[in-house]
Amino acid sequence: MSEHLLTAALEAARRGWHVFPLRPGTKRPALHGEQSCTGTGPCASGHLKWEQRATTDPDRIRAAWSRAPFNVGIATGPSGLLVVDLDMPKTTRTKGSSDAPDGAATFGALCERAGHAVPDTYLTRTPSGGQHLHFTAPDGVRLSNTAGTIGELIDTRAWGGYVVAAGSITPTGAYEALSAPVAAPVPSWLLRILQPAPRAVRAPSGPVTAQSRSYADTALDNEARNVATAQAGGREAALFRAARALGRLIAWGDLPRHAVEQALQEAGEATGLTAAECRSTLRSALNWSITHNQVRRDAA
């Protein structure tokens, strides 16, 4: 198995994708965290996270995968990738059936609405039956992770995110490479969703705009801190409240949705919630708040 996983890591690196080890049989990074960092080796000049330590160097990859049968993580940002994660409904994963459309069906409908076929690009199938569509991001464009921004059961991974590479194995199955051998560029219609045109500034004066921006940034920091410090039993509720509170600032144009999603997702996972729990809570709470806060309370 170790040789198989080493081959998977080297194959991803050959494509120019930056890889790092995941704990054997899991999707969790195998690298040490900041609190346990000894400040030696690669971290001699300061702690390096998995995104910074991901590499395409074959020698480093062989050295790392000689130690254990690590699964393979691909750091999407440094790899110049945008990966669209098409998930399965929860009931399908747990009970085997569901009438709800999966992420692939929703994405197919979005492609049809945009007047295009589903892109022919490098694709992996996850053990749960989901799909990861790999796209190359445009030069000079820094995309962030999103959760539900494109549609239900559709997330994306870019800077700040990673995906499990084909060939990796978990107790529920393996990640398999399917479809096209290369990653296609991000479709322009999809890029417009992920990078909407800037809203026109309608504030009456510069000082008011600056004040609004400062308030929004402070609110984001405070809500993320509230989530990260929540105690067991109240973590999901704290995440829900924070998303409801910040959703109105998204609706009013004071904060971009992807920034709120990323900050609260990281805070939620830091406090012990799973990535899936965070995405589900954020999606429903933000969608509700944005829908019900289209008119600013202080508007005439």
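Residues numbered from 1 in each chain as written. Predicted model: local features only at pLDDT ≥ 70, side-chain atom pairs only at ≥ 80, totals over all residues. Heavy atoms only, no water.

> Describe the packing of aromatic side chains, listing the residues and the values that go with them.
On inspection of all chains with the given rule, the structure shows six aromatic pairs. Ring centres of W17 and Y122 lie 5.2 Å apart, and the angle between their planes is 70°; this geometry places the pair in the edge-to-face category. Here the residue W17 occupies a position in the loop between helix 1 (2-14) and strand 1 (19-22), and Y122 occupies one in strand 4 (residues 122-125), the gap between them amounting to 105 residues. Relative accessible area serves as the criterion here: at 5%, W17 is assigned to the buried category. By relative accessible area, Y122 is classed as buried at 8%. (Phe/Tyr/Trp six-rings, centres within 6.5 Å; stacked < 30°, edge-to-face > 60°. Helix = DSSP H or I, 4+ residues; strand = E, 2+ residues; numbered from the N terminus. Buried < 20%, exposed > 50% of the residue type's maximum accessible area, 1.4 Å probe, protein only.)

> Provide a residue-level description of the sheet that holds strand 8 (residues 162-164), including the pertinent values.
Taken in spatial order, the three strands of this open sheet run 1-2-8, and their pairing is antiparallel. The sheet terminates laterally at strand 1 and strand 8, the two strands that pair on one side only. With direction set aside, neighbouring strand axes in the sheet form an average angle of 35°. Each of strand 1 and strand 2 (71-75) is contacted by helix 1, which is oriented at about 15° to strand 2, the strand it contacts most. (Pairing = 2+ DSSP bridges. Axes fitted to C-alpha atoms, helices over the stretch in contact; angles between N-to-C directions. Contact = heavy atoms within 4.5 Å.)

> Can you lay out the nonpolar core for me, pointing to particular residues and giving the numbers?
One recurring pattern in soluble globular proteins: nonpolar side chains tend to sit buried together. Core analysis: the biggest nonpolar cluster contains 23 residues, and L239, L246, L249, L255, V260 and L264 have the highest contact counts within it. Contributing elements (two or more residues each) for this core: helix 7 (206-228), helix 8 (235-251), helix 9 (257-270) and helix 10 (275-291). Per element, the largest residue contribution to this core is seven residues, and it comes from helix 8. One finds L5, I61, L81 and A165 within the second-largest nonpolar core, a separate group that totals 22 residues. (Core = buried A, V, L, I, M, F, W, Y, C linked by side-chain atoms within 4.5 Å.)

> Describe in detail the confidence of the model for the chain, supporting the description with residues and values.
Interpretation of this model should avoid reading the predicted coordinates in detail wherever pLDDT is low. Confidence in the prediction for the chain averages 85 pLDDT; 88% of positions are at 70 or higher. This model gives residues 197-209 a pLDDT under 50, and the stretch forms five contacts once residues within four places in sequence are excluded. (pLDDT = per-residue confidence, 0-100.)

> Tell me about the environment of L178, residues and numbers included.
Note on placement: L178 falls in strand 11 (residues 176-179). If we ignore the near neighbours within four places in the chain, the residues touching L178 are L123, T124 and R125.

> Please set out helix 3 (residues 58-65) residue by residue, giving values where relevant.
Residues of helix 3 that are buried: I61, A64 and W65. For helix 3, the buried positions fall inside an angular range of 85° around the axis, keeping them on one side. For helix 3, the N-terminal capping position is held by D57, with its side-chain oxygen 2.9 Å away from the main-chain nitrogen of D59. (Arc of directions from axis to C-beta. Polar contact = N/O pair within 3.5 Å; in protein donor to acceptor, adjacent residues only side chain to side chain.)

> Explain the pattern of salt bridges residue by residue, including any values.
Applying the stated criterion across every chain, the model contains seven salt bridges. Of the charged contacts, one joins E11 and R15 as a salt bridge, the two residues approaching to 3.5 Å between their closest N and O atoms. Judged by its relative accessible area of 31%, E11 falls in the partly exposed class. The exposure class of R15 is partly exposed, given its relative accessible area of 27%. Between E176 and R125 there is a salt bridge; the shortest N-O distance is 2.9 Å. Highlighted residues: E176 in strand 11 and R125 in strand 4, separated in sequence by 51 residues. What makes R125 partly exposed here is its relative accessible area of 35%. It is possible to trace a salt-bridge network through shared partners that takes in E11, R14 and R15. (Salt bridge = Lys/Arg side-chain N within 4 Å of Asp/Glu carboxyl O.)

> Before we move on, could you go through the packing of helix 8 against helix 9 and cite the residues and values that matter?
Where helix 8 meets helix 9, the axes come as close as 10 Å, and the angle between the chain directions of the two elements is 165°. Taken together, the axis directions place helix 8 and helix 9 in an arrangement best described as roughly antiparallel. Here helix 8 runs over helix 9; the crossing is right-handed. Where helix 8 approaches helix 9, its residues L239, A242, A243, L246 and I250 are matched on the opposing element by R257, V260 and L264. Classifying every residue of the contact of helix 8 with helix 9 gives seven nonpolar, no polar and one charged. (Parallel < 35°, antiparallel > 145°, perpendicular 65-115°, else oblique. Left-handed = near helix turned anticlockwise from the far one by under 90°. Nonpolar A, V, L, I, M, F, W, Y, C, P; charged D, E, K, R; others polar.)

> Provide a residue-level description of the pairing of strand 4, including the pertinent values.
Pairing of strand 4 with strand 11 involves four bridges; the strand directions are antiparallel. When the bridges of strand 11 are listed, T124 appears paired with A177. Of the strand pairs in this sheet, strand 4 and strand 5 (residues 131-136) are connected by three bridges, and their pairing is antiparallel. Opposite T124, over in strand 5, you have H132 as the bridge partner. Between strand 4 and strand 5, which pair antiparallel in sequence order, lie five residues; one of them, G129, sits at a positive phi of approximately 100°.

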